[in-house]
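Read off the chains here:
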Amino acid sequence: MQDFLELAVGAAASGCVYGLLALAYLLMIRPTGIINFAVGEWAMVAAFGGFLLLSKLEWPYPLGMAAVLGFMLLVGWATERIAVRPLVARGAPLIAPILALLGMLVIFREIVSISFPPDPHPVPYAFGIGRLDFGLLGGSYQSFFIIGVTLLVFAATWLFFERTLAGRMFEAVALHRRAAALMGINLFRVTALSFAGGAGAAGLAGLLVSPNISAHYQMGVPLAIQGFTALVIGGVGRVEGALLGGLLLAFAEQLTVRYAPIPSGFAQGVPLLFLMVFLLVRPTGLLKARA
Amino acid sequence: MSVIARWLGPVLLLSGAAFLLSDYHNDVYRKMLLWVALALGYNFLFGICGQVAFSHFAFYGIGAYSVVILLFQFHLPLPLAIVLGVVICVLVALAVAIPSTRLEGFYLALATLALAQLFVVVLNEGGALTGGTSGIANYRLPDIFGVRIRGPWFTAVIVLLVVGTYAVLWRLDRSWFGRACRAVRDNPEAAAAMGVNVARTKVIAFTLTSALAGIAGMVYAFVDNTVNPPIFGIDNAFLLLFMVIVGGAGRHAGAVIGAVLLFLLPFWLSPVVGHHHVLVFGVLVLAAILLQPRGLIGLFDFAKKPS
Amino acid sequence: MSKAILQVRNLTKRFGGLTAVSDLAFEVREGEILGMIGPNGAGKSTTFNLIAGTYSATEGEVQFSGEPVLGLPPHRIAAKGIMRTFQHNRPFGGMPVIENVMVGAHTRFTSTLWSVVAGYSRKEEIEKRRRAEELVDFVGLGDLRDADVTTLSFGQGRLLEIARALAGEPRLILFDEPAAGLTQDELDRLGGIMRGIAARGIAMLLIEHDMHFLLPLAHRVVVLNFGAKIADGLPGEIRADPAVMDAYLGGSHAAA
């Protein structure tokens, strides 16, 4: 039990990172139907942003974080303009923007790999290295920071969708694009916003996780798969599903590593097995969409 | 007779070329031919049947590892190893395709992405069986009827593989099955109304092209006489997709052009961009999708008859 | 009187609390053009989709030449000899006209995948292509045989749908509002083609809104309202039936 509690805070923090990545997918899939695998590369770009501003230029953390997130919104918006809007405007099949985004994925990765040497780049912790204990529960400063920020983001997103007019607009587009257009909703603006939001969420995930794993140009694809697995577990129907999926995935991963008698390398396979099993057995995810 | 004549010409021409090339160029030529074989199969799956899968290159790896393990870990005779290798590819393909083609949308893409990643994990952790991270090396192709096949003669075997793959796919494409695949790609609901069993068509196309990739992998295993996990990483699955898109999805000639171009491009580009040719690939793919969805072959058609 | 090829009995479909089709019974006879009309929401489309296999019925029985077909998936129903057209044309965009028609013949190919790979299916392929060419000519698209389907007009697309359905060598064709979106000239041509199909002994079931088009064409008419049959008879009888006039003219639609 002691053992498990020891693990809990760290696992919850990883789960939050997966949850943010799943949220990034969800923000784009719901209004457009587009699965954007470049989510992992966005996280990677933000991690390198963190390295540049926080490690190299030594900006204060809040300022650096705000600058990176602002930049990510811009990246998301630009991605949509370049690789998505021309195709949607032309009425191309849904597969076209998805493939175009795979092209963008490679472009992002290669630009970073050209611009930085291939070794891992350190990114600082938000509050330095330290440990916080609440009775039996304990974890690093960064873990608590990740959990706090993620809960804030999910609460804000939930309020946006449930309580604001703009959020309702997103929902309407998610339910029926043509009907939403007839209601006078600007589809392109919704799409642009969803991509900006997606890049913001993915960038935040990258920035938060990078102190633990360091910024590296190949960090994107594993994050993209973990985020997607979280989304598949939680289901695309509801915002809170993304967080739930992320947490379940992280706990499953950590518990397997800790207690299952398999070589540690196979632990990388756990999310993949999870993904396949969920796709095959319960493709709608755990949470049903609200009617 | 005419059938033999039709395919014999290309076989002689393509394998004859191997005898004029140096050892180094034979090696490059072999690998290019294998990419062409892979791209032809992937084009059938993605371009003609409309299935986005990331597992094609993994099946290439499954074929390569299967034949090496069966030959040199279990000491089976070559024909048996080949047959069992194909059986393994077919079984894995069915296990992935049957559940994921039942569902709409991009489930196949995700399930196969997971499969491709899982395959590399299994290779790395396979211990003595797969040779772990360093793979298996220092073996050579067993003699066939006492003859040792090497040099340009081995290249000729690869030519046979490529022409055979092309012949099979070409015939399938020009049959009720190829039309069913295109119908499933263009409009699954209308295809079903025409009597096409959509799920079955998808499963057959996936299994068949995966098995072809596996057979190509078996041949590849004796090109470098080594198999190791990094060769079969996810990057090459993307490259295959890019070859087909840039060349022109849905057209055999497009797949060939795309495979040859993207395979040779790094050789020409390396003095200019070093190892960063992948960036050029990304830009090419984006440009193809945005500007010329029919790929280079579409551009070629356009130049041939301006309208 | 020729015998029934399609018999529908007790057909019921409920969506949650809503009963879209209730206890419907009718039959289509061999070589007959049966029209099915009714105001919007009367259950015509639902009935169509139940027979075509796209929806599953809550209750009921559908027999096609004596065999039960209700609950079979669409591709099995096509294989039995029931082909269909779509109201919003659904061509296979990546193929020329002739290939589209040959997809319609899918269930009539007998060569196996192995014989295709071995190269033994050429003869059948040529034979089926010739038949498809005849059908393209029959619907009047002969000049457009090798045209890209995306270049066809809406009316031409409708004719392609018919040729494609005929290629399946059906004994019954289901038409989903075939008149919708066509000009008067195209309607005249369509009517002629349908009579030609009937002359070949193929039965047709038409779900239709346009009474001007349907009544002169149909041999018999079934009228639905609120998911139930309110009339069944010759076009002349339907025209004179007060219940039909009530249901239909209650709306904005004017009858012939």
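Residues numbered from 1 in each chain as written. Chains lettered and ligands numbered in written order. Predicted model: local features only at pLDDT ≥ 70, side-chain atom pairs only at ≥ 80, totals over all residues. Heavy atoms only, no water.

**Student:** Help me out: how do you make sense of the overall build of chain C in this one?
**Tutor:** Along the backbone of chain C there are ten helices and ten strands. In terms of overall size, chain C behaves like a compact globule, its C-alpha atoms giving a radius of gyration of 19 Å where 256 residues would be expected to give roughly 18 Å. Taken along its principal axes, the extent of the C-alpha atoms in chain C is 60 × 40 × 40 Å. For chain C, buried positions account for 53% of its 256 residues. In chain C, 66% of the contacts between residues at least 6 apart in sequence involve partners at least 24 apart. A total of about 10800 Å² of accessible surface is found on chain C, and carbon and sulfur atoms cover 51% of it. On chain C, the mean spot of the 27 positive side-chain charges and the mean spot of the 30 negative ones are 5 Å from each other. (Helix = DSSP H or I, 4+ residues; strand = E, 2+ residues; numbered from the N terminus. Rg over C-alpha atoms; globule rule 2.2 N^0.38 Å. Buried < 20%, exposed > 50% of the residue type's maximum accessible area, 1.4 Å probe, protein only. Contact = heavy atoms within 4.5 Å. Areas by Shrake-Rupley, 256 points an atom, 1.4 Å probe, with all protein chains shown as cover. Lys, Arg positive; Asp, Glu negative; His and termini not counted. Charge placed at Lys NZ, Arg CZ, Asp CG, Glu CD.)

**Student:** When you look at the overall build of chain A in this model, what are you seeing that I'm missing?
**Tutor:** Of the regular secondary structure elements, chain A holds eleven helices and two strands. Listed by position from the N terminus, the elements making up chain A come as α-α-α-α-β-β-α-α-α-α-α-α-α. Relative to the compact-globule value of 19 Å for 291 residues, chain A shows a C-alpha radius of gyration of 19 Å, a close match. The principal-axis extent of the C-alpha atoms belonging to chain A is close to 55 × 45 × 35 Å. Here chain A holds 291 residues, and 55% of them are scored as buried. A separation threshold of at least 6 residues defines the contact pool for chain A, and within that pool the share at least 24 residues apart is 75%.

**Student:** Any chance you could explain the sheet that holds strand β7 (residues 172–176) of chain C here in plain terms?
**Tutor:** All names here are of chain C. Taken in spatial order, the six strands of this open sheet run β6-β7-β8-β3-β9-β10, and their pairing is mixed. Each having just a single partner strand, β6 (82–84) and β10 (228–233) make up the two edges of the open sheet. Going across the sheet, the axis of each strand differs from the next one's by a mean of 20°, ignoring polarity. As judged from the four bridges shared by strand β3 (residues 33–37) and strand β8 (residues 203–207), these two strands associate in the parallel manner. Bridge pairing in β8 links Ile33 to Met204. (Pairing = 2+ DSSP bridges. Axes fitted to C-alpha atoms, helices over the stretch in contact; angles between N-to-C directions.)

**Student:** How should I be thinking about the domain arrangement of chain C in this particular structure?
**Tutor:** Frequently, the measure chosen for interface size is the accessible area that the parts lose on association. Residues and elements named next belong to chain C. Its domain assignment divides chain C into domain 1 (1–81 + 170–256) and domain 2 (93–167). Between the C-alpha centres of domain 1 and domain 2 the distance comes to 27 Å. Counting residues at the interface gives 21 residues for domain 1 and 14 residues for domain 2. Between domain 1 and domain 2 lies a buried interface of about 1300 Å² when both sides are counted; carbon and sulfur atoms form 67% of it. (Domains from an automatic or database assignment. Buried area = accessible area lost by both parts, 1.4 Å probe.)

**Student:** Can you walk me through the pattern of salt bridges in this structure?
**Tutor:** As a working rule, side chains carrying opposite charge can pair if their charged atoms are close by. Per the stated rule, a full pass over the model turns up 26 salt bridges over all chains. Residue Arg85 of chain A is joined to Glu80 of chain A by a salt bridge in which the shortest nitrogen-to-oxygen separation is 3.3 Å. Side by side, Arg85 of chain A and Glu80 of chain A carry an identical accessibility label, which is buried. In this structure, Arg109 of chain A engages Asp235 of chain B in a salt bridge whose closest nitrogen and oxygen atoms are separated by 3.5 Å. You can see Arg109 of chain A sitting in helix α4 (residues 95–115) and its partner Asp235 of chain B sitting in helix α10 (residues 234–247), one on each of two chains. Exposure remark for Arg109 of chain A: the relative accessible area of 10% places this residue in the buried category. With a relative accessible area of 41%, Asp235 of chain B lands in the partly exposed category. Where salt bridges share partners, they join Arg179 of chain B together with Glu99, Glu125 and Arg129 of chain C into one cluster. (Salt bridge = Lys/Arg side-chain N within 4 Å of Asp/Glu carboxyl O.)

**Student:** How should the pairing of strand β2 (residues 137–140) of chain A be read in this particular structure?
**Tutor:** For a regular strand, side-chain orientation follows a simple rule: the groups alternate between the two sheet faces. Residues and elements named next belong to chain A. Pairing of strand β1 (residues 131–134) with β2, which is carried by four bridges, proceeds in the antiparallel orientation. Counterpart to Arg131 in the pairing with β2 is Ser140. Counted between consecutive antiparallel strands, the loop separating β1 from β2 contains two residues, among which Gly135 sits at a positive phi close to 60°.

**Student:** Please explain a nonpolar patch on the surface as it appears in this structure.
**Tutor:** Together, Phe127, Leu132, Phe134, Leu137 and Tyr141 of chain A make up an exposed nonpolar region whose accessible area comes to about 480 Å². Along the chain, the position of Leu137 of chain A falls in strand β2. (Patch = residues over 30% accessible without salt bridge, like charges linked within 9 Å, V, L, I, M, F, W, Y side chains within 5 Å.)

**Student:** What's the story with the interface of chain B and chain A in this structure? I'm lost.
**Tutor:** On the chain A side, the residues contacting the 36 residues of chain B number 39 residues. Note on chain B versus chain A: buried area summed over both sides is about 3200 Å², and carbon and sulfur give 83% of it. The interface formed by chain B and chain A holds one salt bridge in total. Applying the counting rule to chain B against chain A returns two residue pairs in polar contact (both at pLDDT 80 or more). At the level of secondary structure, the elements contributing two or more residues to the side of chain B that touches chain A comprise α4 (78–101), α5 (107–125), α10 and α12 (277–291) of chain B. Taken together, the residues that form the side of chain B that touches chain A break down as 29 nonpolar, four polar and three charged. (Polar contact = N/O pair within 3.5 Å; in protein donor to acceptor, adjacent residues only side chain to side chain. Nonpolar A, V, L, I, M, F, W, Y, C, P; charged D, E, K, R; others polar.)

**Student:** Is there a simple way to think about helix α10 (residues 239–259) of chain A in this case?
**Tutor:** Three or four residues apart is the spacing at which side chains of an α-helix point the same way, because the helix has 3.6 residues per turn. Taking 1.5 Å as the rise per residue, α10 of chain A with 21 residues should run 30 Å; its terminal C-alpha atoms sit 31 Å apart, in good agreement. Residues of α10 of chain A that are buried include every one of Val239, Gly241, Ala242, Leu243, Gly245, Gly246, Leu249, Ala250, Ala252, Glu253 and Thr256 of chain A, and no others. (Expected span 1.5 Å × (residues − 1).)

**Student:** So what exactly am I meant to see when it comes to the pairing of strand β1 (residues 4–15) of chain C here?
**Tutor:** All names here are of chain C. Two strands pair when backbone bridges link them, and β1 and strand β2 (residues 18–29) are joined in this way by eight bridges, in the antiparallel orientation. Bridge pairing links Leu11 to Leu24 in β2. Hairpin connection of β1 to β2: two residues between the antiparallel strands, including Gly16 at a positive phi of 60°. Where β1 lies against strand β4 (residues 59–64), five bridges are found, and the strand directions are antiparallel. Bridging from a neighbouring strand, Gln7 pairs with Gln63 of β4.

**Student:** What is the right way to look at the arrangement of the chains in this model?
**Tutor:** Contacts are most numerous between chains A and B, considering all two pairs of chains that are in contact. With respect to C-alpha atoms, chain A approaches chain C no nearer than 12 Å, and the pair has no contact.

**Student:** Which parts of the structure should I look at to understand unusual backbone geometry?
**Tutor:** Both trends apply: most residues other than glycine have a negative phi, and most peptide bonds are in trans. Residue Ser214 of chain A is not a glycine yet carries a positive backbone phi of 65°. Here Ser214 of chain A shows up in the loop between α8 (187–213) and α9 (220–234).

**Student:** Is there a simple way to think about the sheet that holds β1 of chain C in this case?
**Tutor:** Two orientations exist for strands paired in a sheet by backbone hydrogen bonds: parallel and antiparallel. Residue and element names in this part refer to chain C. Across the sheet, four strands lie side by side as β2-β1-β4-β5; this open sheet has antiparallel pairing. Each end of this open sheet is capped by a strand with a single partner; those strands are β2 and β5 (67–68). Across two bridges, the pairing between β4 and β5 is antiparallel. Within β5, the residue paired with Phe64 across the bridge is Glu67.

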